[in-house]
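Structural features, examined
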Amino acid sequence: MKAAPIFEAGNHRWWILYDQDEHRVIDSNVYVMESNGQSIILDPGGFEVFPQVFAALVEVVPPNSLKAAFVSHQDPDIASSLPLWHACNEQIQWHIPKLWDGFIRHYGALEAPLQDIPDEGGDMLIGGRRLEFIPAHYLHSSGNFHLYDPEAKVLFSGDVGAALLPPGHGAWVDRRDKSGRAFEEHITKAKYFHERWMPSNAAKKDWINRVCKLEIDYLCPQHGAIYSGDNVQRFFEWFDGLNVGTAINE
Amino acid sequence: MDIQQIMQVVDASFAARQSIEKSLREIDRRALNAMVLVKRHGNALAGYGVVAQAFRERAASLKESASHLQGTIAPLIQARMRILQHQRVAASFSTMAQSMARLGLDCAPLKNSQAQSQKFIAQEETEARGILLRLIATVDTLQEGIEEQEYVVTNGRIEAALAEDTGAPLVRVSRDMGEAVRTVSNAIRTYRHQLESLEHESSTYI
């Protein structure tokens, strides 16, 4: 697994850990934000990929800087590593959707400090910087949040924007291409994921209306590659026009 | 082995790597400054020029040795975290076996899984120890490089004293070189002690 920087301004940094080496489980991105020597890990990943995620994390931040973890929803590729992280660092505060509290505890580490995020969202401080929990219910999970950093203009968008890419993939949807061709090519790998995993057109519209008002330089999905610059708006337009929940619609 | 002890070594690895990289950049900068100074003064500092050249070459060699450090740390961390994974699984098997025993039940496949799990942990412990020994060897190579660099710095001080009448600030340059080398030397020595204590702990487990 590799680590690459997304954003850096003084002591405020974002990284992506991506392209996992284990291919029998779905390839997932993990994100890390560091502020003033404190860090948070976002969707820290599954039990099976924990050793490689941990080794990649140590490339970018010291593990004792880890103060918090954000869990967008209950899926195993997101949070089944919780008991292992807890074994390594009992001080990590876990911010999880309230709806899934009793479910996530099934992964183990019953004594881990879980902070429930209410349905309406909220915010948290890490290293003196405020991060916002943006409700994204039914995209795809019924209790689901994204995380927004207004200073770095980073939106961690969970499964929204996800693409199923082959091993060896890059961290970014090609940033040098201004024509939109790279986006068009990339989005073909995101189409089925959104059609099939996203259940609700109403939820999609509601999310787009709210998120479009935010200033976003980097849209960071949990699978695939990061959208930046013009590709962020291209993604919103594409998603807006996509029919989702196709297992029922068909 | 205690996970907290492993975490301390992981944190120490991060700190040591950062400190070594920063110090090596500093050494390279000092060496370049010395070379520029020598060029500016021409033949009058020819002796110091040899020292500055050697200092720069050693700095490049140290950078090369340090670049292997990260390549060895990452597999060690992965191996230790795989052990943690399997200890977790083994603990679940153990809880299940105890619950069944209380009910007077005996489950052969469960015992087999427990044995497999323990075998895997033992294999990973052996592998982790091998990686740790390689890491210590890499640190030893770095330490040897630093000792050579310290020797070059000592020669630089002698040459600086001999060339004092040229007016070039060689004593200060040599002192800066010495400080940069001492910083990286201390970082490596501390790190090696931490690795040694981990090695001592891991040898008692095998």
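Residues numbered from 1 in each chain as written. Chains lettered and ligands numbered in written order. Predicted model: local features only at pLDDT ≥ 70, side-chain atom pairs only at ≥ 80, totals over all residues. Heavy atoms only, no water.

Looking at an unreviewed UniProt entry, chain A carries the name MBL fold metallo-hydrolase, with the source organism given as Acidithiobacillus ferruginosus.

**With respect to the overall build of chain B**
In terms of helices and strands, chain B carries 4 helices and 0 strands. Seen in sequence order, chain B has helices and strands lined up from the N terminus as α-α-α-α. Relative to the compact-globule value of 17 Å for 206 residues, chain B shows a C-alpha radius of gyration of 25 Å, a clear excess of over 25%. Seen through its C-alpha atoms, chain B measures out along the principal axes to roughly 90 × 20 × 20 Å. (Helix = DSSP H or I, 4+ residues; strand = E, 2+ residues; numbered from the N terminus. Rg over C-alpha atoms; globule rule 2.2 N^0.38 Å.)

**A few points about the interface of chain B and chain A**
Residue-level contacts link 17 residues of chain B with 20 residues of chain A. Interface of chain B and chain A: buried area, both sides summed, is about 1,700 Å²; carbon and sulfur atoms make up 66% of it. At the junction of chain B and chain A, the tally comes to 0 salt bridges. Taken together, chain B and chain A are joined by 5 residue pairs in polar contact (both at pLDDT 80 or more). Counting residues per element, the ones that place at least two in the side of chain B that touches chain A are helix H1 (3-41) and helix H2 (46-102) of chain B. The greatest single-element share of the side of chain B that touches chain A, amounting to 10 residues, is contributed by H2 of chain B. Here the residues of the side of chain B that touches chain A are counted per class, giving 9 nonpolar, 4 polar and 4 charged. (Contact = heavy atoms within 4.5 Å. Buried area = accessible area lost by both parts, 1.4 Å probe. Salt bridge = Lys/Arg side-chain N within 4 Å of Asp/Glu carboxyl O. Polar contact = N/O pair within 3.5 Å; in protein donor to acceptor, adjacent residues only side chain to side chain. Nonpolar A, V, L, I, M, F, W, Y, C, P; charged D, E, K, R; others polar.)

**A look at the nonpolar core**
Nonpolar side chains in soluble globular proteins tend to end up buried together. Counting residues in hydrophobic clusters, the biggest one holds 90 residues, and the most contacted among them are Phe54, Trp85 and Trp94 of chain A together with Ile20 and Met81 of chain B. When residues in this core are grouped by element, the largest group, 16 residues, is from H2 of chain B. Aside from chain neighbours lying at most four places away, what touches Ile20 of chain B is Ala66, Leu69, Leu142, Val184, Ala187 and Ile188 of chain B. The next biggest cluster of nonpolar side chains, apart from the first, holds 30 residues, and it includes Ile134, Ala190, Phe193 and Met198 of chain A. (Core = buried A, V, L, I, M, F, W, Y, C linked by side-chain atoms within 4.5 Å. Buried < 20%, exposed > 50% of the residue type's maximum accessible area, 1.4 Å probe, protein only.)

**A short note on the packing of aromatic side chains**
All names here are of chain A. In this structure the tally under the stated criterion is 18 aromatic pairs over all chains. Note on Phe50 and Phe54: the rings are 5.7 Å apart at their centroids and 50 degrees apart in plane angle, and the pair reads as tilted. A residue pair is termed a helical-turn pair when its members lie 3 or 4 positions apart in one helix, as Phe50 and Phe54 do in helix H1 (residues 50-60) at 4 residues. On the accessibility criterion, Phe50 (0% relative accessible area) is buried. Following the ring pairs from residue to residue traces out a cluster consisting of Phe183, Trp207, Tyr227, Phe235, Phe236, Trp238 and Phe239. Sitting above the plane of the Trp172 ring, Arg175 keeps its charged end 3.6 Å from the centroid. Above the ring of Phe239, the side-chain terminus of Lys204 is found at 5.9 Å from the ring centroid. (Phe/Tyr/Trp six-rings, centres within 6.5 Å; stacked < 30°, edge-to-face > 60°. Lys NZ or Arg CZ within 6 Å of the ring centre and 35° of its normal.)

**A look at the environment of Gly108 of chain A**
Turning to its location among the elements, Gly108 of chain A is positioned in the loop between helix H4 (101-104) and strand S7 (114-117). Residue classification places Gly108 of chain A among the buried positions, given a relative accessible area of 17%. Between the C-alpha atoms of Gly108 of chain A and His86 of chain A, which are 22 residues apart in sequence, the distance is 9.5 Å. Apart from the residues within four sequence positions on either side, Gly108 of chain A is in contact with Leu82 and Pro83 of chain A together with Arg88 of chain B.

**Remarks on the sheet that holds strand S9 (residues 129-135) of chain A**
Residues and elements named next belong to chain A. Spatially, the 6 strands line up as an open sheet ordered S8-S9-S10-S11-S12-S13, and their pairing is mixed. Among the strands making up the open sheet, the edge pair consists of strand S8 (122-126) and strand S13 (227-228). Note that strand S12 (residues 218-220) and S13 share 2 bridges and pair antiparallel. Residue pairing for S13: Leu219 is matched across the bridge by Tyr227. Along the sheet, helix H6 (residues 201-211) makes contact with S9, strand S10 (145-149) and strand S11 (154-156), crossing S9 at roughly 155 degrees. (Pairing = 2+ DSSP bridges. Axes fitted to C-alpha atoms, helices over the stretch in contact; angles between N-to-C directions.)

**Some words on the packing of H1 of chain A against H2 of chain B**
At a closest axis distance of 8 Å, the pairing of H1 of chain A and H2 of chain B adopts a crossing angle of 140 degrees. Classified by the angle their axes make, H1 of chain A and H2 of chain B are oblique. In the packing of H1 of chain A onto H2 of chain B, the handedness of the crossing is right-handed. Of H2 of chain B, the residues touching H1 of chain A (which contributes Phe50, Pro51, Gln52, Phe54, Ala55, Val58 and Glu59 of chain A) are Gln70, Ala74, Ile77, Gln78, Met81, Arg82, Leu84 and Gln85 of chain B. When grouped by side-chain class, the residues that make up the contact of H1 of chain A with H2 of chain B number 9 nonpolar, 4 polar and 2 charged. (Parallel < 35°, antiparallel > 145°, perpendicular 65-115°, else oblique. Left-handed = near helix turned anticlockwise from the far one by under 90°.)

**Some details on the pattern of salt bridges**
All names here are of chain B. Across all of its chains, the model carries 28 salt bridges over all chains by this definition. Residue Glu127 is joined to Arg82 by a salt bridge in which the shortest nitrogen-to-oxygen separation is 3.8 Å. Linking Glu127 in helix H3 (residues 108-162) with Arg82 in helix H2, this pair joins segments that are 45 residues apart in sequence. When salt bridges that share partners are traced, they join Glu26, Arg29, Arg30, Arg172 and Asp176 into one network.

**Considering H1 of chain B**
Over its 39 residues, H1 of chain B runs 57 Å from end to end, which matches the ideal 57 Å to within 8%, given 1.5 Å per residue. The first or second residue beyond H1 of chain B is Gly42 of chain B, which carries a positive phi of 65 degrees. (Expected span 1.5 Å × (residues − 1).)

**Digging into the pairing of S10 of chain A**
All names here are of chain A. Taken across its 5 residues, S10 has 5 buried, putting it largely inside the fold. Judged by which residues are buried, S10 turns out to be covered on both faces: Phe145, Leu147 and Asp149 on one side and His146 and Tyr148 on the other are all buried. Examined bridge by bridge, S10 and S11 share 3 bridges and lie antiparallel to one another. Residue Asp149 lies in a different strand from S11, and its bridge partner there is Val154. Taken together, S10 and the strand that follows it, S11, pair antiparallel across an intervening segment of 4 residues, in which Lys153 is found at a positive phi of about 60 degrees.

**Section: helix H7 (residues 230-240) of chain A**
Listed in full, the buried residues belonging to H7 of chain A are Asn231, Val232, Arg234, Phe235, Phe236, Trp238 and Phe239 of chain A. Those residues of H7 of chain A that are buried are in contact with helix H5 (181-197), H6, S12 and S13 of chain A.

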